[in-house]
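# Report on the structure
Chain residues, written in single-letter form:
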Amino acid sequence: MIEAQSLTRRYGNTTAVNRVSFRVEHNGIIGLLGHNGAGKTTVMKMLSGYLEPTAGSLVVAGHDYAGGCRAVQRTLGYLPEDPPVYPDMMVADYLDYVATCKGIAREERSRAVRDALLATELGTRALDRIDTLSRGLKQRVGVAQAILGNPRLLILDEPGNGLDPEQNRHMRELIQRLARRATVILSTHILQEVEALCERVLIMHEGRIALDAGMADLRRSCSLLLRVDTPSEALRHQLERLPGVAGVESRLAENGYLLLLAEQGELDTTAGLAAQCVQANDAGLITLQASRRDLETVFREATGSEAPAE
Ligand SMILES: Nc1ncnc2c1ncn2[C@@H]1O[C@H](COP(=O)(O)OP(=O)(O)OP(=O)(O)O)[C@@H](O)[C@H]1O
């Protein structure tokens, strides 16, 4: 569905997105996570065809953006961070207007509007003026315009922006329903949103992809903190070669190492082997402590800074 290769976007001297590559093949929800300024919106604007990459290539649903993105725009829906909803228009009129702009044929337009109203549960508000709607309902109008014509790719930039917990719950349910028949790229800086909704997460940091992982893999993964009285390079090398160890990070301030494990099931075996390595290197074991690598930990490891809270 999406093949992005070395996507780069500069604004003057600022490189907002730097050689970003990823591939998406199936329907489902992919979270694009990162601090403010990480480059999420810029990636989404390029995916939506709103912004041209400075370098790199993008193919969506078989259409290469290099050949123009008009055809692609018919197969995608985009909810920008601040949806351009016209305050003095009625909901149904606004959706009809967007359907026209999207190139949906006249005879299909009223059905497309009705389907979008139904999917977003806005049927009873179809004749309301947009400026009389609550923030949550306006956001739903933004989603309704994005799903007009049943796009196969939905790009949602901060759909939970400014919503209260109840509105947020409705929005999450709606996104889950939509993902049954579309690929959804969901940008957020809220970890809880990714944990609740996504099956894959791309963490962006300073314009790059710092991590691309399946949520199921992240949930399974965990780490072992090993502290010894005399750390050494030889010990670190042996730890790196242990079965089940995906990586080793030095924790020099703590005289220790963080062993990243690929599978939680390996925990006991790897802990035993790590203790043997310490002994074989004539070091004394101070601590051997397991912890699950939740998304917050993973975010911290990938970006070097704390994750934003909800
Ligand atoms: N039109 C622009 N002109 C100049 N710089 C820009 C422009 N748009 C974005 N930037 C810069 O590009 C970088 C990435 O911005 P972007 O909006 O893509 O990040 P983001 O991850 O979506 O942030 P946020 O969570 O705050 O929306 C930032 O340094 C930002 O200041």
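Note that the coordinates shown come from a computational prediction; the quantities given were computed from them, not determined experimentally. (Residues numbered from 1 in each chain as written. Predicted model: local features only at pLDDT ≥ 70, side-chain atom pairs only at ≥ 80, totals over all residues. Heavy atoms only, no water.)

Moving on: the domain arrangement of the chain. Partitioning the chain into structural domains gives domain 1 (2-217) and domain 2 (222-292). Using C-alpha coordinates to define each centre, domain 1 is positioned 42 Å away from domain 2. (Domains from an automatic or database assignment.)

To continue, consider the pairing of strand β3 (residues 28-33). When you tally the buried positions in β3, you get six out of six residues, the bulk of the element. The side-chain alternation of β3 yields two buried faces, one formed by Gly28, Ile30 and Leu32 and the other by Ile29, Gly31 and Leu33. Where β3 meets strand β8 (residues 183-188), six bridges bridge the pair, whose relative direction is parallel. What sits directly across from Gly28, in β8, is Thr183. Bridge analysis of β3 against strand β9 (residues 200-205) gives four bridges, and the strand direction is parallel. From the neighbouring strand, Leu32 faces β9, where its bridge partner is Leu202. (Buried < 20%, exposed > 50% of the residue type's maximum accessible area, 1.4 Å probe, protein only. Helix = DSSP H or I, 4+ residues; strand = E, 2+ residues; numbered from the N terminus. Pairing = 2+ DSSP bridges.)

Now for the sheet that holds strand β11 (residues 222-228). The strand order across the open sheet built from four strands is β12-β13-β11-β14, with neighbouring strands paired in antiparallel fashion. Looking at strand neighbours, the two that pair on one side only are β12 (245-251) and β14 (285-292), the edges of this open sheet. This sheet shows a mean twist of 20° between the axes of neighbouring strands, independent of strand direction. Two elements, β12 and strand β13 (residues 256-261), share six bridges in a ladder whose sense is antiparallel. Considered in β13, the bridge of Ser250 is made with Tyr257. (Axes fitted to C-alpha atoms, helices over the stretch in contact; angles between N-to-C directions.)

Moving on, we come to helix α10 (residues 267-280). Between its terminal C-alpha atoms α10 stretches 20 Å, which fits the 20 Å expected from 14 residues at 1.5 Å a residue. Along α10, the residues classified as buried are Leu267, Thr270, Ala271, Ala274, Cys277 and Val278. Summarising the axial view, the buried residues of α10 lie within an arc of 120°, below the 170-degree limit, and thus occupy one face. Every exposed residue of α10 that faces more than 90 degrees away from the buried side is listed here: Asp268, Gln279 and Ala280. Where α10 is buried, its residues touch β11, α9 (233-240), β12, β13 and β14. (Expected span 1.5 Å × (residues − 1). Arc of directions from axis to C-beta. Contact = heavy atoms within 4.5 Å.)

Attention shifts here to the layout of surface pockets. Estimates place the volume of the largest pocket at around 550 Å³. Elements that contribute at least two residues to the lining of the largest pocket include exactly α2 (70-74), β6 (76-79) and α3 (91-101). A per-element tally of the lining of the largest pocket places α3 first, with four residues. Its residues assigned to classes, the lining of the largest pocket shows 10 nonpolar, four polar and four charged. (1 Å grid on protein atoms, 1.4 Å probe; cavity = no way out; pocket = protein on both sides within 12 Å on 5 of 7 lines; lining within 4 Å. Points joined across faces, edges and corners; volume = space filled by probe spheres on them. Nonpolar A, V, L, I, M, F, W, Y, C, P; charged D, E, K, R; others polar.)

A few words on the site of the ligand. Around the ligand sit Tyr11, Ala16, His35, Asn36, Gly37, Ala38, Gly39, Lys40, Thr41, Thr42, Glu81 and Glu158, and those are all the residues in its vicinity. Within the side chain of Lys40, an N or O atom sits 2.8 Å from an oxygen atom of the ligand. When the ligand is considered free in solution it has 640 Å² of accessible area, and contact with the protein chains removes 62% of it. With three residues, the top contributor of residues to the shell around the ligand is helix α1 (residues 40-47). Of the residues belonging to the shell around the ligand, the class tally is three nonpolar, six polar and three charged. (Near = heavy atom within 4 Å. Polar contact = N/O pair within 3.5 Å; in protein donor to acceptor, adjacent residues only side chain to side chain. Areas by Shrake-Rupley, 256 points an atom, 1.4 Å probe, with all protein chains shown as cover.)

A few words on the side chain of Arg140. Tracing the backbone shows Arg140 in helix α5 (residues 135-147). Other than its neighbours up to four places away in sequence, Arg140 contacts Thr120, Glu121, Leu122, Met171 and Leu174.

This next bit is on α3. Of the residues making up α3, those classed as buried are Val91, Ala92, Tyr94, Leu95, Val98 and Ala99. Looking down the long axis of α3, one finds its buried residues gathered within 160° of arc, a one-sided arrangement. Elements that come into contact with the buried residues of α3 comprise α4 (106-119) and α5. Positive backbone phi, approximately 85°, marks Gly103, located one or two places after α3.

Taken residue by residue, a regular strand's side chains alternate between the two faces of the sheet. Among the five residues that make up strand β7 (residues 153-157), five are buried, leaving the element largely enclosed by the rest of the structure. Neither face of β7 is exposed, since Leu153, Ile155 and Asp157 on one face and Leu154 and Leu156 on the opposite face are all buried. Relative to β7, β6 runs parallel, the two being bridged by four bridges. Residue pairing across strands places Tyr78 opposite Ile155, the latter belonging to β7.

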